[in-house]
Amino acid sequence: MGRRSPEKKKDDRVFRRLPKCVVPVHYDLWFQPSNHEPVLHGKLSLRVQVMCETREIVLNGLNISVSDVKYTCEGSKGVQETGNILINGEMETIQIEFPNPLTVGFGTLALNFEAEITDNMKGLYRTKVGDGKRYNFITHFEPVNARRCFPGFDEPAFKATFDITLVVPKDVVAISNMPIEDEKVDEKNENLKVCKFQTTPKMSTYLIAMVIGDFEHIQKTSECGTLVRVFTSPGKTCQADYSLNLAANLIDHYTKYFGVSYPLPKCDLVAIAEFPIGGMENYGLITFIDTRLMVDPTESSAWNIQMTSLIVAHEVSHLWFGDLVTMKWWIDLWLKEGFAKFIEYLAVDHFFPQFDIWTQFASRILHSALATDSLKNSHPVEVEVTNPGDIDEIFDALTYNKGSSIVKMMYHYVGDECFRKGMKQYLEKFKYSNAETADLWEALEAASGTPVGRFMDTFTKQMGYPIVTVLDVVSTDCGKTFTLKQEKFWADPKLNEAASNSNYKWIIPLTCCKGSKPLEVTVLELFDGNESNLKEVAVTCASNDEWIKFNAGSVGFYRVRYSAEVLSQFTNSIKDKSMSPLDRLGLLNDVYACVKAGISSTTDILNLLDSFKLEDNYSVLSSIRDITADLSNLLLRTDLVDKFDTYCTSLFTPIKERMGWDPKNGESHADGLLRSLVINRLISCKDETTINEAEKMFDQHLKGEKKISADLRTAVYRATLFKGNEKTLDTMIEIFKNCELSEEKARILQSLGSTKDINLMKKILDFALSPDVKMSEIDYIFYSLNNSKHGQDLTWQFFKDNIKLFQEKYPGGMLICSVVRDVTGGFVGDEFAQEIETFLKENPIRGTERTVQQVVEKIRINAAWLKRDLNAISTFLGSK
């Protein structure tokens, strides 16, 4: 047996990619997980092609021991002698040396191995079932964790075919990427069964998947003949109908839209109780956290139904973008994730136009990406990575949100027909293979005849984005001529001051709309910053007194700045809502970004908010909610916070009074979302009327007199806990423990931090580490506590006190990055930034380095903002 090497906690290793002298052709894998100890027994027979003379085969492997290593060259009569086997835990490799060179051609490497079954949701991991005496086993290999489960070429470009055999207890369900080819009782143990699965198509190691345990399923066949199944815990298949029907429809839709068939005979979707992310697109076996796959017909909120729709659409789209065609290396991670996120919205808009999903895209995705990408500690979406910890960390909001936003911009630039044509060419050319960003641009350029790569490279290869300033406008007989300037936009005012010296240049696809035809988009020429950062743009058929707004429909990935005089021209169209929701939203967020960056005063955004008093669009109000919540947090440790809460209450109360607490007949999907948003914001503002009404509803709910609607459950729980005592908390925790619906459990955890009692906050934090709360749920609690200064202080201290646990339990990935953001992101003040930076430098958590840098940068930017505008905000609130 070879030795095991533990992984390092801080990822400061210098990695080398695997050599290409030997490449995989076909894996034959045999697995038997132990139900008694965290050990996976395995056998590997790996057919390889030796491309050039070499004396070694280097595989990836982490915490794996190997034995009985043999190599047979095809066409030879015997087994080739092996030499040293070097297991390098630092480099996560297994190096097999040979005394004589391997012959160029094909051969088979055979070995036995043992791997660790983890408890940190990486590689093959296990979760307890029922009384804890049995386990479910689940794999999660993306990005570089197949190497924890079996020795192999764990890089996306090393595609191969796979035969997988599982030896498992006869009373459990075993699922893998392909259907079962043969199942029989194990010859050595009649309590076990041997499940052999069909051979996969060529695929990358990170897409291999296995699920073993207690599951039930429902199924249907899509119109194009694909068997679709949804697996849940026993007794919960009634919550799977929605996702089953949606997934089947999506497979048919994508097949028609891209003109390329889904090649596998089946597609399984599995709801997992303990999973580190929303979903994972394993080829033919998509795994989800259960809250993002299961929909209860009577208990699920409109928000959860929408989020389930989006994530199922996202993961199913990966069967084409990511699985059929895979990036060559993680530098092009955005190529699959950015495209899948765009495609998910495109598909959801197709099936559910009532969601108004593109307006939500602008508020949730586009403006989130713009906020992050304005930081000094941002990164290009095409970012070079080598170390596993670095790869983990680029699975971030920027990769997904900026990636999808610039794809949307490109989609509108080339048009739907050319987009589909280019996608089909790309998928057909690279199916079962690997591609780079340039390959996609080439296909889209051929389909559209436009310079896609030339302008898109300016958004993918450099971080950040431009702000387009309207410097001057001249009216002519034909319309108006504008002088525009582009420069890099920074969130930090100090960096904005130096922006004129920046070497950043973009090629921007300009658009505009005008007051006389606010819903009509005018496409203007490209603004090529490589030629000049100034440009004159003519807008024809525009009268002297009508407004012109650039970046119509918030399609472009840039901001626009207007003078106060020009900005005032938009006021009436905002008030009467003749300007489209997307343009109202874009205007609002651009002004707000300029305020935070010190380009404008906070009073500018506060005055602009007055124009939105009659606003009724959910997405626009969502941005207003986010802006006012930001300002509430900014003022949290000042004596202005209560005055600002009163001001916010005056903004949101008229909407609540208009909508009421109870859904009305004929309401839209967005109305349910809006009611929840407004009431939750009023509770955050400590509005006594709303909180008292919610308390009564909770009391009626507990007595069984009147059930709280799913859309309002979180709001009512938050209000009840805000005024509640220890008995109230105990009641909520008891409801949590006895609840079977994962969505309801999440709602309760998201509400716990609303209490204002410091002792109850401490009790809630202790509960967070109890066996009742899963690793994947703890962040709900931290996020909920982040809304009060005592909650922020106690959570940060709790995190510091338990840092070793977080270092061990959360070794990298999106989940721990989210934890770090929610524990630290609410602070405002240079002293907090220094403390957080120092502590997490001395106590690093692998894969969170950039997250920490971004959090600290934001804290310092907010501290400067507060110092700069505190007096102005005080004056504004004094006038109300």
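Going by the structure above, here's the rest.
Since we're looking at a predicted model, the values are computed, not measured.

Basis of the calculations
Residues numbered from 1 in each chain as written. Predicted model: local features only at pLDDT ≥ 70, side-chain atom pairs only at ≥ 80, totals over all residues. Heavy atoms only, no water. Helix = DSSP H or I, 4+ residues; strand = E, 2+ residues; numbered from the N terminus. Areas by Shrake-Rupley, 256 points an atom, 1.4 Å probe, with all protein chains shown as cover. Lys, Arg positive; Asp, Glu negative; His and termini not counted. Charge placed at Lys NZ, Arg CZ, Asp CG, Glu CD. Pairing = 2+ DSSP bridges. Phe/Tyr/Trp six-rings, centres within 6.5 Å; stacked < 30°, edge-to-face > 60°. Buried < 20%, exposed > 50% of the residue type's maximum accessible area, 1.4 Å probe, protein only. Lys NZ or Arg CZ within 6 Å of the ring centre and 35° of its normal. Axes fitted to C-alpha atoms, helices over the stretch in contact; angles between N-to-C directions. Contact = heavy atoms within 4.5 Å. Nonpolar A, V, L, I, M, F, W, Y, C, P; charged D, E, K, R; others polar. Salt bridge = Lys/Arg side-chain N within 4 Å of Asp/Glu carboxyl O. Polar contact = N/O pair within 3.5 Å; in protein donor to acceptor, adjacent residues only side chain to side chain.

### Quick look at the overall build of the protein
Move 1: Regarding its fold elements, the protein presents 28 helices and 29 strands.
Move 2: Accessible surface, the protein: about 33,500 Å² in total, of which carbon and sulfur atoms supply 49%.
Move 3: Here the protein carries 101 positive and 120 negative side-chain charges, and the mean point of each set is 1 Å from the other.

### Let's talk about the pairing of strand β7 (residues 93-102)
Move 1: Examined bridge by bridge, strand β3 (residues 54-60) and β7 share 6 bridges and lie antiparallel to one another. Bridge pairing in β7 places Thr54 opposite Leu102.
Move 2: Here 4 bridges tie strand β6 (residues 85-88) to β7, and the two strands are oriented antiparallel to one another. Pairing of Asn88 across the sheet is with Thr93, part of β7.
Move 3: Turn length for the β6-β7 hairpin, with the two strands adjacent in sequence and antiparallel, is 4 residues, and the turn residue Glu92 shows positive phi of about 60°.

### A closer look at the sheet that holds strand β5 (residues 79-80)
Move 1: An order of β5-β4-β8-β2-β1-β11-β14-β13 is seen for the 8 strands of this open sheet, with the pairing classed as mixed. In the strand order of this sheet, the two ends are held by β5 and β13 (180-185), each with one partner.
Move 2: Inspection of the sheet shows strand β11 (residues 161-169) paired to strand β14 (residues 192-197) by 5 bridges, in the antiparallel sense. Paired with Thr165 across the strands is Lys196, a residue of β14.

### Here's the deal with the packing of aromatic side chains
Move 1: For the coordinates displayed, the defined rule picks out 51 aromatic pairs.
Move 2: Ring centres 6.4 Å apart and planes at 15° place the aromatic pair Phe321 and Tyr426 in the stacked group. On the criterion of sequence distance, the pair formed by Phe321 in the loop between α2 (302-317) and β21 (325-327) and Tyr426 in helix α7 (residues 416-430) is long-range, its members being 105 residues apart.
Move 3: Accessibility expressed as a relative area gives 3% for Phe321, which makes it buried.
Move 4: With a relative accessible area of 4%, Tyr426 lands in the buried category.
Move 5: A centroid spacing of 6.4 Å and a plane angle of 50° characterise the contact between Phe351 and Phe352, whose relative ring orientation is tilted.
Move 6: You can call Phe351 partly exposed: its relative accessible area is 26%.
Move 7: Taking the ring centre of Trp30 as reference, the NZ or CZ of Lys43 above it sits at 4.7 Å.
Move 8: If you follow Lys488 out to its NZ or CZ, it ends over the ring of Tyr504, 5.2 Å from the centre.

### Observations concerning the packing of helix α21 (residues 742-751) against helix α23 (residues 778-785)
Move 1: Running from N to C, α21 and α23 cross one another at 35°; their axes reach a closest spacing of 7 Å. Here Ala746, Leu749, Gln750 and Ser751 of α21 lie close against α23, whose contacting residues are Tyr780, Ile781 and Ser784.
Move 2: Each residue belonging to the contact of α21 with α23 can be placed in one class, and the counts come to 4 nonpolar, 3 polar and no charged.

### Observations regarding the pattern of salt bridges
Move 1: According to the stated counting rule, one finds 50 salt bridges in the structure shown.
Move 2: The partner of Asp699 in a salt bridge is Lys703, with the nearest N and O atoms 3.1 Å apart. Of this pair, Asp699 and Lys703 both sit in helix α18 (residues 688-703), 4 residues apart, which is roughly one turn of the helix.
Move 3: Judged by its relative accessible area of 37%, Asp699 is partly exposed.
Move 4: Between Glu835 and Lys800 there is a salt bridge, with its nearest N and O atoms 2.6 Å apart. Of the two residues, Glu835 sits in helix α27 (residues 830-842) while Lys800 sits in helix α24 (residues 789-801), which places them 35 residues apart along the sequence.
Move 5: Residue Lys800 is classed as buried on the basis of its relative accessible area, which comes to 19%.
Move 6: One network of salt bridges, in which partners are shared, links Glu299, Lys707, Arg713, Glu743, Glu744 and Arg747.

### Let's talk about the side chain of Thr469
Move 1: On the secondary structure map, Thr469 appears in strand β23 (residues 466-475).
Move 2: You can call Thr469 buried: its relative accessible area is 10%.
Move 3: Leaving out residues up to four positions away in the same chain, Thr469 has contacts with Thr483, Leu484, Lys485, Glu487 and Arg561.

### Some points on helix α26 (residues 814-824)
Move 1: The buried fraction of α26 amounts to 9 of the 11 residues, a majority that puts the element mostly inside the structure.
Move 2: Along α26, the positions that sit buried rather than exposed are Leu815, Ile816, Cys817, Ser818, Val819, Val820, Asp822, Val823 and Thr824.
Move 3: The inward-facing, buried residues of α26 abut α23, α24, α25 (803-809), α27 and α28 (849-878).

### Considerations on the sheet that holds strand β27 (residues 534-540)
Move 1: The 4 strands lie next to each other as β27-β24-β23-β29, forming an open sheet whose pairing is mixed. Every interior strand has two partners, whereas the edge strands, β27 and β29 (559-561), have only one. Ignoring strand direction, the axes of neighbouring strands in this sheet form an average angle of 30°.
Move 2: Sheet topology note: the strand β24 (residues 479-488)/β27 ladder contains 7 bridges and is antiparallel. Its bridge partner lying in β27, Thr481 is registered against Ala538.

### A few points about the environment of His701
Move 1: One can find His701 in helix α18.
Move 2: Separated by 582 residues in the primary sequence, His701 and Asp119 have C-alpha atoms spaced 38 Å apart.
Move 3: Ignoring sequence-local partners within four residues, the contact set of His701 consists of Lys706, Lys707, Ile708, Arg713 and Tyr717.

### Digging into the environment of Asn63
Move 1: Its location among the elements puts Asn63 in the loop between β3 and β4 (64-73).
Move 2: Overall, the relative accessible area of 12% leaves Asn63 in the buried class.
Move 3: Placed 617 residues apart in sequence, Asn63 and Asn680 show a C-alpha to C-alpha distance of 47 Å.
Move 4: Only 3.2 Å separates the side chain of Asn63 from the side chain of Glu116, close enough to count as a polar contact.

### Examining unusual backbone geometry
Move 1: For the bond from Glu142 to Pro143, the omega torsion is 0°, close enough to zero to count as cis.
Move 2: As for its placement among the helices and strands, Pro143 is situated in the loop between β10 (134-140) and β11.
Move 3: Despite not being glycine, Asp356 has its phi angle at roughly 50°, a positive value.
Move 4: With respect to the element layout, Asp356 can be found in the loop between α3 (333-351) and α4 (357-373).
Move 5: For Asp356, a relative accessible area of 30% corresponds to the partly exposed category.
Move 6: Backbone geometry places Asn551, a non-glycine residue, at a positive phi of 60°.

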